[in-house]
Amino acid sequence: MKRWFEDASIRWKLTALMAGTTALVLLLAVVALGTYEIVTFKRALEQKLSVVAEIVGRNSTVALAFGDPSTAKDVLAALDSEPVIVCGAVYDRNGRAFASFVAPKSGVVAPASPGPLGTHWDGAHLIVVRPIVDAGERAGTVYVQSDLQELRERMLLFGAITGLTVLACAILGLVLSA
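As the structure is a prediction and not an experimental result, all values here were calculated from the model.

Engineer: For this particular structure, what's the right way to read the pattern of salt bridges?
Structural biologist: Side chains that differ in sign of charge can pair as their charged atoms come close. Evaluated as defined, the whole model comprises 4 salt bridges. For Glu 37, the salt bridge is made with Arg 154, and the minimal N-O distance between the two is 2.3 Å. Note that Glu 37 is positioned in helix α2 (residues 10-65) and Arg 154 in helix α4 (residues 149-177), a separation of 117 residues in sequence. When its relative accessible area of 38% is taken as the criterion, Arg 154 is described as partly exposed. The shortest N-O distance in the salt bridge between Glu 82 and Lys 48 comes to 2.7 Å. Taken as a pair, Glu 82 in the loop between α3 (69-77) and β1 (85-92) and Lys 48 in helix α2 lie far apart in primary sequence, 34 residues in all. For Lys 48, a relative accessible area of 34% gives the class partly exposed.

Engineer: What should I look at first to understand the packing of aromatic side chains in this one?
Structural biologist: Aromatic ring pairs: the centre-centre distance and the angle between the two ring planes describe each pair. Taken as a whole, this structure holds 0 aromatic pairs when the rule is applied. Seen from the ring of Trp 121, Lys 42 lies directly overhead, with NZ or CZ sitting 4.9 Å from the centre.

Engineer: Would you explain the sheet that holds strand β3 (residues 118-121) in this entry?
Structural biologist: Note on sheets: strands pair through backbone hydrogen bonds, and any given pair is parallel or antiparallel. Across the sheet, which stays open at both edges, the 5 strands sit in the order β2-β1-β5-β4-β3 with antiparallel pairing between neighbours. Strands at the two margins of the open sheet, each flanked by one partner only, are β2 (97-102) and β3. Neighbour to neighbour, the strand axes of the sheet diverge by 15° on average, direction disregarded. Of the pairings in the sheet, the one linking strand β4 (residues 125-134) to strand β5 (residues 137-147) comprises 10 bridges and is antiparallel in character. The residue bridging Arg 130 from the neighbouring strand is Val 142, located in β5. Across the face of the sheet, α2 comes into contact with β1, β2, β3, β4 and β5 while running at roughly 35° to β4. Where α3 meets the sheet, it contacts β1 and β2, and its direction lies at approximately 30° from that of β2.

Engineer: Would you take a moment to explain a nonpolar patch on the surface for this structure?
Structural biologist: A cluster of nonpolar residues, Ile 10, Leu 14, Leu 17 and Met 18, forms a patch on the protein surface that exposes about 430 Å² of accessible area. Tracing the backbone through its elements, the reader meets Ile 10 in helix α2.

Engineer: How should α3 be read in this particular structure?
Structural biologist: Listing the buried residues of α3 in full gives Ala 72, Val 75 and Leu 76. In an axial view of α3, the angular spread of the buried residues amounts to 95°, which keeps them on one side of the axis. Among the structural elements, α2, β1 and β2 are those in contact with the buried residues of α3.

Engineer: I keep staring at the side chain of Glu 37 and nothing clicks. Help me out?
Structural biologist: Here the side chain of Glu 37 touches Arg 154 through a polar contact of 2.3 Å, side chain to side chain. Beyond its immediate sequence surroundings of up to four residues, Glu 37 is in contact with Arg 154 and Met 155.

Engineer: Would you mind going over α2 with me for this structure?
Structural biologist: Taking 1.5 Å as the rise per residue, α2 with 56 residues should run 82 Å; its terminal C-alpha atoms sit 82 Å apart, in good agreement. Residue Asn 59 marks the point of greatest curvature in α2, where the axis turns by about 35°. Gly 67, located one to two residues past α2, shows a positive phi value of around 60°.

Parameters at a glance
- Residues numbered from 1 in each chain as written.
- Predicted model: local features only at pLDDT ≥ 70, side-chain atom pairs only at ≥ 80, totals over all residues.
- Heavy atoms only, no water.
- Salt bridge = Lys/Arg side-chain N within 4 Å of Asp/Glu carboxyl O.
- Helix = DSSP H or I, 4+ residues; strand = E, 2+ residues; numbered from the N terminus.
- Buried < 20%, exposed > 50% of the residue type's maximum accessible area, 1.4 Å probe, protein only.
- Phe/Tyr/Trp six-rings, centres within 6.5 Å; stacked < 30°, edge-to-face > 60°.
- Lys NZ or Arg CZ within 6 Å of the ring centre and 35° of its normal.
- Pairing = 2+ DSSP bridges.
- Axes fitted to C-alpha atoms, helices over the stretch in contact; angles between N-to-C directions.
- Contact = heavy atoms within 4.5 Å.
- Patch = residues over 30% accessible without salt bridge, like charges linked within 9 Å, V, L, I, M, F, W, Y side chains within 5 Å.
- Areas by Shrake-Rupley, 256 points an atom, 1.4 Å probe, with all protein chains shown as cover.
- Arc of directions from axis to C-beta.
- Polar contact = N/O pair within 3.5 Å; in protein donor to acceptor, adjacent residues only side chain to side chain.
- Expected span 1.5 Å × (residues − 1).
- Bend = angle between axes of the 7 residues up to and from the residue.

Here you go:
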């Protein structure tokens, strides 16, 4: 390869240099856009799961107050309508499991305890743990877990589209510069 480049005409060397530079600039743009896509998607997913956790928590206060896990299970069953959510659970004020939901075929198990409050990324999942507050007092805890399959699918589509775009632009740059 090196020998071919040394023997090539100046015209082909300049053409190759311009095409390579164009491809490099496009690849840098793709990396920047891909990073932006991942960051904004993760923020949106965090916000979405936080809202879901808040709604589940508010709708579970009565079930916790009356010690009715079947009502809490009904509230959690609504999580099945959100495909990214693989697990949800409600815990009593002592951190004991009260009711749970696990998406079919998810392979996930609801944890025995909710873990620390907040939003946590564990690589393959986003986990949101929020307190359930009723009349100013903590009544329990809500746990919601999401998988990142949607992010993986979006990134595969993004990669395919941008890969084809970079290839087309490199070819067009090569043709125009020749």
